[in-house]
Amino acid sequence: MIRKMFRPPNSQVELRAYWRKLKAFVKTLSLQRQMMENLIIAKARQDALHRKMEERRLRLQEEANRRFAALGTVTAEEQEQRILYANVLEYEQDHDWPKLWKANVKKNPDDATLVSGLVSYLLSRSDHPVMKLLRKHQYQVYNRLYPIVNKGLPQSPAPPLRPSRSSHNLLHSGRTEALRKSTRVGGVGDQSFSSNPSLSPSLSRDLNTNCEEEEGEEPCTQVTVDRENSFEDLEQFLTQLDWAPPHGNPDDTGSDSDITLDLSLQPEVDDAHIQELEMRALKEHLKAIVKDIHNAIDQLLSLCLLSFECLNTASSKDLCVASIEEAFFTPLWSPLLALFRKVHRERELAFETSMKLYRNTSPGDVGVPLKLFPQDPGMLQGSYPYESAVQELKLLCKHCCPQRKLECIVRTLRLICACAEDYRCLHEVDSPPRTAAIGADDLLPILSFVALRCECPQLVSECAALEEFIHEGYLIGEEGYCLTSMQSALAYVESLHTAGAHLRTAKLT
Amino acid sequence: MASGGSGKTYSFKVVLLGEGCVGKTSLVLRYCENKFNDKHITTLQASFLTKKLNITGKRVNLAIWDTAGQERFHALGPIYYRDSNGAILVYDITDEDSFQKVKNWVKELRKMLGNEICLCIVGNKIDLDKDRHVSVEEAESYAESVGAKHYHTSAKLNKGIEELFLDLCKRMMETAQAEERLKGNGASQSASSRRGVQIVDDEPQATPAGGCCSSG
């Protein structure tokens, strides 16, 4: 039976066929093996490259760690700081300008123009880790502001608030281009080093897996938050927000209609309750954002000082802070102020009501002593008392950085003092001027008058914001005093319309 | 961190409180004009003044904040005197009412700032002693009862003003040093603290041992 199956002629034919098949199979196998080998070689090369890059990263990281060695335990922030510093070291290996500037400053340590030159050069290098960090923080703050600010803006007859969309554009233009360029230059390898702050050196596994993981996470958690490079994603995110139907209290969404005082007289208790809740949420949000901004600026400053140790002197540090703040706040101020205005809407409305009632009031009506303004309008040649101070104060809203705004307030108060001095000289020509320099008793009524004449309810929110962002160092100095006086005067103006009686008694005192 | 010099620099904020006509402006102008040159008068005139002092080898920067006496500006009083290290409360010895106002301020300051703030109650215009309406005993016993010091001054005759400020500075320094000791020498300067005392350490941290226990 079995023999029958293996009949010679047939079996030979079959065998040949089998043989051919086997040969083809072996050939495929060897091809496959070759391919595998090629793959392995490629993989090995890739690994070697990654290892090299990883080694370099680790080396820099170690160097960064050494600098922080003095610190005992390592917190998450310190960890982040280390990674940022490693980025700085890496940047310095690829770029020469930091070395050159450092050497220059070292040679002429007292040259203030050199220091300011370095700071402004640093601010112009959008690919430097300090600037990348700055942008990252700006986007974070902006992303938190945008949804709320977009939801509805307080109406006011004062200089119209720039709609959030224009500030949106503000952020997009200019910086975007620089950012795109830097992204392209940066390349993929750079990204994986610089963009993930949660990447810890102790977890230094194969870079490959890190990359994969990172990509996996990206779409859900890190789209706009951690990645300064994913600007397209941000843009997409923002357009989505644009399209989202406005939610929340319908009262807030009707931003274009006239919101006047009757808002507070809503008959519905529920509505009032919702408003109250919403206001509380807004205040919490504002608080959190203010805290974020403080932390961001602290982190930026310390990275800046780590990158350029030569800047770590009292005066250079001040310059650094001022420059960082200016760069940080300029595109953000208008959405930030919009949030402050939402929170302080009641106060602004009160200010506005007083302003409308007492717009043409005389300085005497708000308690300015007669000797500190000319009663005869002819002496002012068509202007009104303290006009120069009013004009100066009006400029406050045009600045975009807290420091500039503070300087504006200081100038306003100085102008008030100068005007008061002039007016008094008109009254008492022969008396020596310094015996009765003006004090707060005179200053505050005049300041209230100036604030009334300024006709800008936004001032209330501007000053509230300034209070949050004024420097501790300035707090007890002239700037702090001027801001405090301004706030005091604003509070008085706000109370004017409810307490008309005050005004009348004020006339008497 | 800071460079140059030796010892510490204290920065103190002092608020000036008192009713409209008690002469607090002349008092502070007298103080800042008298001993040194006119540079101390800022362009804000008498409302905000600064003075640099050197007391027992320690540098002291004084920022003197004048406040409005009028009731209608008192809504935001607390933002004026927050973070103050000292307060000078001035009354007119010929005006009983102005003394009552001082009492109100003392209450408020103690409520807001506790015992950290050094209070000075000042009876001004002693050149008008014949018209005195607030008795010395009453004023002094009140001051003692609230843990304040009492002074008599005359801005017109330039009497008692220098002593008042010097004494206040010394007390503020003591308070600041006591606070330092309390905090310990470790992380004594947290960046987030918004207190008014800013102590710039020029030397390596002083050792906590030895003659630290000299009590006020």
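This is a predicted model, so every value here is computed, not measured. All chains use their own residue numbering, which begins from 1 and follows the written sequence. A letter from A marks each chain and a number from 1 marks each ligand, given out in the order of writing. It should be noted that, the model being predicted, local features are given only for residues of pLDDT at least 70 and side-chain atom pairs only at 80 or more, the latter also being counted only at that level, while totals for whole chains, interfaces and linings use all residues. Hydrogens are left out, water is left out, and the side-chain values use all remaining heavy atoms of the structure.

Chemist: What should I look at first to understand the pairing of strand β4 (residues 86-92) of chain B in this one?
Modeler: Every regular strand shows the same layout, with side chains that alternate between the two sheet faces. Residue and element names in this part refer to chain B. Each residue's exposure class comes from its accessible area (1.4 Å probe, protein chains only) as a fraction of the maximum for that residue type: buried when under 20%, exposed when over 50%, partly exposed otherwise. Each helix is a run of H or I in the DSSP string that is no shorter than four residues. Each strand is a run of E no shorter than two, and both are numbered from the N terminus. Counting buried residues in β4 gives seven out of seven residues, a clear majority hidden from the surface. Side chains G86, I88, V90 and D92 project from β4 onto one buried face, and the interleaved A87, L89 and Y91 project onto a second face that is buried too. Relative to β4, strand β1 (residues 8-18) is paired through five bridges, and the arrangement is parallel. Bridging from a neighbouring strand, G18 pairs with V90 of β4. Looking at chain direction, β4 and strand β5 (residues 118-124) are connected through seven bridges and run parallel. Bridge pairing in β5 links I88 to C120. Looking down the strands as they point away from the viewer, one classifies a crossover as right-handed if the path from the first strand across the helix to the second runs clockwise. With helix α3 (residues 96-113) bridging β4 and its parallel neighbour β5, the resulting β-α-β unit is right-handed. Whether two strands pair comes down to DSSP finding at least two bridges between them.

Chemist: Just checking my understanding: could you explain the packing of helix α14 (residues 333-343) of chain A against helix α19 (residues 458-469) of chain A for this structure?
Modeler: Residue and element names in this part refer to chain A. Running from N to C, α14 and α19 point in directions that differ by 110°, and their axes come no closer than 9 Å. Here α14 is positioned roughly perpendicular relative to α19, judged by the angle of their axes. Residues W333, L336, L337, F340 and R341 of α14 lie in contact with α19, whose contacting residues are Q458, S461, E462, A464, A465, L466, E468 and F469. Gly counts as polar in this scheme, as do all residues outside two lists: the nonpolar Ala, Val, Leu, Ile, Met, Phe, Trp, Tyr, Cys and Pro, and the charged Asp, Glu, Lys and Arg. The class makeup of the residues in the contact of α14 with α19 is eight nonpolar, two polar and three charged. Axis definition: a line fit to C-alpha positions, over the contact stretch in the case of helices; interaxial angles, taken between N-to-C directions, run 0 to 180 degrees. Orientation is classified from the angle alone, with under 35 degrees giving roughly parallel, over 145 giving roughly antiparallel, 65 to 115 giving roughly perpendicular, and any other angle giving oblique. Any two residues whose heavy atoms approach within 4.5 Å are treated as being in contact.

Chemist: Would you explain the nonpolar core in this entry?
Modeler: Note on soluble globular proteins: their nonpolar side chains tend to be buried together. Within the largest apolar cluster, 138 residues are counted, with the highest numbers of intra-cluster contacts made by F328 and Y386 of chain A together with I121 of chain B. Examining the composition of this core, we find that 13 residues originate from one element, helix α12 (residues 269-307) of chain A, more than from any other. Among the domains, domain 1 (12-70) and domain 2 (344-507) of chain A are the pair contributing at least three residues each to this core. What makes a nonpolar core is a set of buried Ala, Val, Leu, Ile, Met, Phe, Trp, Tyr and Cys residues whose side-chain atoms join them at distances within 4.5 Å. A domain assignment, automatic or from a database, supplies the domain bounds used here.

Chemist: Explanation requested: the packing of helix α16 (residues 387-394) of chain A against helix α17 (residues 402-427) of chain A in the structure shown.
Modeler: In helix packing, the relevant descriptors are the interaxial angle and the interaxial distance, both defined with respect to the helix axes. All names here are of chain A. Following both chains from N to C, one finds α16 and α17 inclined at 175°, their axes separated by 8 Å at the closest point. When the interaxial angle is binned, α16 and α17 end up roughly antiparallel. Of the residues in α17, those touching α16 at S388, A389, E392 and L393 are C408, R411, T412, L415, I416 and C419. Grouping the amino acids of the contact of α16 with α17 by side-chain chemistry returns six nonpolar, two polar and two charged.

Chemist: Quick question: what am I supposed to make of the confidence of the model for chain A here?
Modeler: For residues with low pLDDT, the predicted coordinates do not support detailed interpretation. All names here are of chain A. When pLDDT is averaged along chain A, the result is 76; 70% of the residues meet or exceed 70. Across residues 153-264, where pLDDT falls below 50, the model places 161 contacts with residues more than four positions away in sequence or in other chains. Here residues 504-509 scores under 50 on pLDDT; set against residues more than four positions off or in separate chains, the count is six contacts. The predictor attaches a confidence to each residue, called pLDDT, with possible values from 0 through 100.

Chemist: Would you mind showing me how to read the packing of aromatic side chains here?
Modeler: Only centres within 6.5 Å qualify two rings of Phe, Tyr or Trp (six-membered ring in Trp) as a pair; their planes then separate them into stacked at under 30 degrees, edge-to-face at over 60, and tilted for everything else. Counted by the stated rule, this structure contains 21 aromatic pairs over all chains. Where Y142 of chain A meets Y146 of chain A, the ring centres are 5.7 Å apart and the plane angle is 35°; that geometry is what we call tilted. A residue pair is termed a helical-turn pair when its members lie 3 or 4 positions apart in one helix, as Y142 of chain A and Y146 of chain A do in helix α6 (residues 129-150) at four residues. As far as the burial class goes, Y142 of chain A and Y146 of chain A line up, both buried. Here the aromatic rings of W333 of chain A and F469 of chain A are separated by 6.3 Å at their centres, their planes lie at 70°, and the arrangement is edge-to-face. With W333 of chain A in helix α14 and F469 of chain A in helix α19, the pair connects residues that are 136 residues apart, well separated along the chain. The class of F469 of chain A is buried, set by a relative accessible area of 4%. Sitting over a ring, as applied to charges here, requires NZ of Lys or CZ of Arg to be within 6 Å of the ring centre and within 35 degrees of the ring normal. Seen from the ring of Y384 of chain A, R453 of chain A lies directly overhead, with NZ or CZ sitting 4.4 Å from the centre. Directly above the ring of Y142 of chain B sits K103 of chain B, whose terminal nitrogen or CZ lies 5.2 Å from the centroid.

Chemist: Quick question: what am I supposed to make of the interface of chain B and chain A here?
Modeler: Many authors give the size of an interface as the accessible area that is lost as the parts come together. Tallying the contact residues gives 37 residues for chain B and 38 residues for chain A. Buried area, as used here, totals the accessible surface that two parts lose on assembly, with accessibility defined by a 1.4 Å probe and the loss added over both. Each partner contributes to the roughly 3,200 Å² buried at the junction of chain B and chain A, and carbon and sulfur atoms together form 56% of this total. Salt bridges are defined by distance alone: a side-chain nitrogen of Lys or Arg within 4 Å of a carboxyl oxygen of Asp or Glu. Here chain B is connected to chain A by two salt bridges. Across the salt bridge formed by E467 of chain A and R82 of chain B, the nearest N and O atoms sit 2.8 Å from each other. Here a polar contact is recorded for every N or O atom pair within 3.5 Å, except that within protein the pair must consist of a potential hydrogen donor and a potential acceptor, and residues adjacent in sequence are included only if both atoms are side-chain atoms. Counting across the chain B and chain A interface gives 16 residue pairs in polar contact (both at pLDDT 80 or more). Breaking the side of chain B that touches chain A down by element, the ones donating at least two residues are β1, α1 (24-34), β3 (58-66) and α2 (77-81) of chain B. At four residues, the largest contribution of residues to the side of chain B that touches chain A is made by α1 of chain B.

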